[in-house]
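Observations on the model geometry
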Amino acid sequence: MLRSLVRACLLPLLAALGLSMAPAYAKEAKEQPYEHYVFGKLDTPTPGPVSGGLLLMGGGDRNIDAMKWFFGKAGNGHIVVISASYGKEIGQEFYHDIGGIQSTEIFVFHARSQSTNKKILDRLRKADGIFIAGGDQARYVRYWRGTPVGDILNAHVAAGKPLAGTSAGLAIQGEKLYGAMDDGSIRSPEALADPLGPANTIEGDFLHFSLLKGIVTDTHFKERDRLGRLFAFVAKAQVGRGNDEPAMIGLGVDESAALAVEPDGTGRIYATAPDGYAWVVDGAGLRNVAAGRPLDAPRVKVTGVGPGSVVHLPSGRVDNPVFERSYAARAGEVVEVPRWSLAIHGGAGVIERGNLSPEKEAAYRAGLDDALRAGSAVLDRGGPALDAVAAAVRVLEDNPLFNAGRGAVFTAEGKNELDAAIMDGKTQKAGAVAGVTRTRHPVDLARAVMDKSRHVMLVGAGADRFSVEQGLEQVEPGWFRTEERWQQLEAWRKKQAAAVDRTHLFGTVGAVAIDADGNLAAATSTGGMTGKRWGRVGDSPIIGAGTYAKNGQCAVSATGSGEYFIRESAARQVCDRVAWNGQSLADAAEATILAVGAIGGDGGLIAMGPDGRPAFAINDLGMYRARMTAGGTPQTAIFADEKWAD
């Protein structure tokens, strides 16, 4: 009643003053006319032929050569610029500063309804080339998606006419796009914290350019640290996409770069700075992301497109890339990881610097180096981790310094009985053998069990027969014999205690690796323990005890008092600590070795994570060990306190 009385009294007064009590938004709801600017003459003929192409610009200062490429594609004719922010300054730049075209016509939209304006639509249909300016991509989505403007843009490109876009004008061109529909601009940390969350507003069903099918674009890329958010864009864009479909691709363009794409999909960079690139993100490592959690992507391939490169769209293949990198996303951060990585061990012992002669130390380091180089050579030429760990272990099996293959210890009966295992982290297939006596490389026999049989483990005479059937290299038992190992057996027979070299108590060898495809693998080989009886088998060939690998978690090879590693399921335990407890690989490895020690076991293990950083854990011992990553140099270590030269 009181409110009505106030209104009745005030309305005549406000009307007399030319004021109103209408809500504030009423004035804003009145449509603002679109802006229209013309530079040059619209009715002149187009000088040259018009051909298709896309110019994808990162949002910085425009590269003159790139713009001339675009103008040339438009036959140096009539360019129509559409925008929701910028006005006639673009026309001044295009027509007067760059030049070489007949006209530049600019339409600045201020409402969705203007997307049905007959004049705008007519001019867009007649355009030789269309340029989408920067600004706010949310406005472009709201104004143009599902309207005749969107239809004309699709038809323009399909008809073989060129289109260019910069900043927001590029961001909207992919099959899926970040729409910034909350009127913000998500940054990498926020996007990585919850890639499937509501702030990551991924849109679709807008533009349908065949050359950008399966692609999500981003701009101002390097300058605004947008790699992490592009990971998140691709991850969310792939939700609901079947694993049988090709992975989507992220395409980021630096401010100082423009990617000119020909109708056949080949794209080349124009750059205003030496390090102006496009970045191609392989979405294969960004599938099946968990909702409500930070992005956990152990390995994402990123390829750099520079001035000397050629990118093929929409596949994303790059000829002569400026770089090929792998990244891991974990706990809200993105870090670069090596393209491949390999770590090996040759057993553990009570090793102090005074216990090894310089000659013996040099021999051990040389043996480790040889094995490391053999495995690394496989990885460096793009081979799988499974082949690499086998190659490294084969070298160690042939080196009499190590208790595996030639140089294996003797059983109580004076025989060499050899154990080995190998596991593929990608498929989780595994093979193992125990008590074999004639196969030169037991690791190869374990691989054959995995690849050529229905089984995981074969033992004794059956394993020996299978080896012959598979055509593996056979040797006489004397091949494995060394005088040092025989003397250790003789000492054991006298004292019922192995007179082993304390600096090499546990001579098992092993390798773990990750390859360029992000696949993990592990392999282990051993002669067991001096004086073993009754067909004793240790942890090395037991999957989950001495050997284990699972993509996305870790690969492990152990050495030590095997009975205790078996009881702790040590190799699998490391991976479970990573997967279930969220521990770092280094912490998981250390905690596992402590658990082995707590029940009386000694030894060590090596582990490889999906980020390519190996972990080495030793239970109060030294360990013969080595590592190498792509682009690096071999590094060996022996003593417990020896640090890597990072």
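You'll find the structure just up there.
Let me begin by describing the structure that accompanies this report. Since the structure is predicted, the reported quantities are computational estimates derived from the model, not experimental observations.

**Re the sheet that holds strand E26 (residues 554-560)**
With respect to topology, 4 strands assemble into an open sheet ordered E25-E26-E27-E28, the strand pairing being antiparallel. Two strands lie at the open edges of the sheet, namely strand E25 (547-550) and strand E28 (614-618), each paired on one side alone. When strand polarity is set aside, the average angle formed by the axes of neighbouring strands in this sheet is 10 degrees. By the bridge criterion, 5 bridges tie strand E27 (residues 603-608) to E28 in an arrangement that is antiparallel. Looking across to E28, one finds that Leu605 is bridged to Ala617. Across the face of the sheet, helix H17 (residues 570-581) comes into contact with E25, E26 and E27 while running at roughly 145 degrees to E26.

**Some details on the environment of Ser167**
Relative to the assigned elements, Ser167 resides in the loop between strand E6 (162-166) and helix H8 (168-171). Spatially, the C-alpha atom of Ser167 lies 19 Å from that of Lys213, the residues being 46 residues apart in sequence. Leaving out residues up to four positions away in the same chain, Ser167 has contacts with Met57, Gly58, Gly59, Gly134, Thr219 and His220. Within polar-contact distance, the side chain of Ser167 engages the side chain of His220 at 2.8 Å.

**Comments concerning the environment of Val378**
By the secondary structure assignment, Val378 is in helix H11 (residues 358-380). Residue classification places Val378 among the buried positions, given a relative accessible area of 8%. In this structure, Val378 is in contact with Gly383, Pro384, Asp387, Ala388 and Ala391, ignoring residues within four places of it in sequence.

**A word on the state of the cysteines**
Here the structure, examined in full by the defined rule, presents 1 disulfide. At a sulfur-sulfur separation of 2.0 Å, the disulfide partner of Cys554 is Cys575. Handedness here is read from the sign of the S-S torsion; for Cys554 and Cys575, about -115 degrees, the answer is left-handed. Pair noted here: Cys554 is in strand E26 and Cys575 is in helix H17, with a separation of 21 residues, a long-range link.

**Quick word on the pattern of salt bridges**
On inspection of all chains with the given rule, the structure shows 28 salt bridges. Among the ionic pairs, Asp387 bridges to Arg447, the shortest N-O distance being 3.0 Å. With Asp387 in helix H12 (residues 385-397) and Arg447 in helix H13 (residues 442-452), this residue pair connects regions lying 60 residues apart in the sequence. A single salt-bridge network, built from bridges that share partners, covers Asp218, Arg226 and Arg229.

**Focus on helix H4 (residues 89-98)**
Residue pairs three or four apart in sequence face the same way in an α-helix, which turns once every 3.6 residues. The set of residues buried in H4 consists of Ile90, Gly91, Phe94 and Ile98. All buried residues of H4 lie within an arc of 125 degrees about the axis, which places them on one face of the element. The inward-facing, buried residues of H4 contact strand E1 (35-40), helix H3 (64-73), strand E3 (78-83), strand E4 (103-108) and strand E5 (129-132). Two residues or fewer after H4 comes Gly99, characterised by a positive phi angle close to 75 degrees.

**Side note on the pairing of strand E23 (residues 509-514)**
Note on strand geometry: in a regular strand, side chains alternate between the two faces of the sheet. Summarising burial for E23: 6 of the 6 residues are buried, a large majority. Along E23, one buried face is formed by Val509, Ala511 and Ala513 and the opposite face, lined by Gly510, Val512 and Ile514, is buried too. Note that strand E19 (residues 341-349) and E23 share 5 bridges and pair antiparallel. Among the inter-strand pairings, His345 is bridged to a residue of E23, identified as Gly510. Sheet analysis places E23 next to strand E24 (residues 520-526), joined by 6 bridges and oriented antiparallel. Following the sheet pairing, Val512 is matched in E24 by Ala522.

**So, the packing of aromatic side chains**
Between two aromatic rings, the relevant description is the distance of the centres plus the angle of the planes. In total, this model carries 15 aromatic pairs according to the counting rule given. In textbook terms, an aromatic cluster arises when at least three aromatic residues are bridged by ring pairs, as seen for Phe70, Phe71, Phe94 and Phe131. The cationic tip of Arg406 hangs over the ring face of Trp479; the distance from NZ or CZ to the ring centre is 4.1 Å.

**Focus on the packing of helix H5 (residues 118-126) against helix H7 (residues 148-158)**
One can describe the packing of H5 onto H7 by two numbers: an axis separation of 10 Å at closest approach and a directional angle of 5 degrees. Classified by the angle between their axes, H5 and H7 sit roughly parallel to one another. Contacts between H5 and H7 pair Leu121, Leu124 and Arg125 from the former with Pro148, Val149 and Ile152 from the latter. Split by residue class, the contact of H5 with H7 holds 5 nonpolar, no polar and 1 charged.

Cut-off values and rules
Residues numbered from 1 in each chain as written. Predicted model: local features only at pLDDT ≥ 70, side-chain atom pairs only at ≥ 80, totals over all residues. Heavy atoms only, no water. Pairing = 2+ DSSP bridges. Helix = DSSP H or I, 4+ residues; strand = E, 2+ residues; numbered from the N terminus. Axes fitted to C-alpha atoms, helices over the stretch in contact; angles between N-to-C directions. Contact = heavy atoms within 4.5 Å. Polar contact = N/O pair within 3.5 Å; in protein donor to acceptor, adjacent residues only side chain to side chain. Buried < 20%, exposed > 50% of the residue type's maximum accessible area, 1.4 Å probe, protein only. Disulfide = S-S within 2.5 Å. Salt bridge = Lys/Arg side-chain N within 4 Å of Asp/Glu carboxyl O. Arc of directions from axis to C-beta. Phe/Tyr/Trp six-rings, centres within 6.5 Å; stacked < 30°, edge-to-face > 60°. Lys NZ or Arg CZ within 6 Å of the ring centre and 35° of its normal. Parallel < 35°, antiparallel > 145°, perpendicular 65-115°, else oblique. Nonpolar A, V, L, I, M, F, W, Y, C, P; charged D, E, K, R; others polar.

Shape descriptors only; they carry no functional weight alone.
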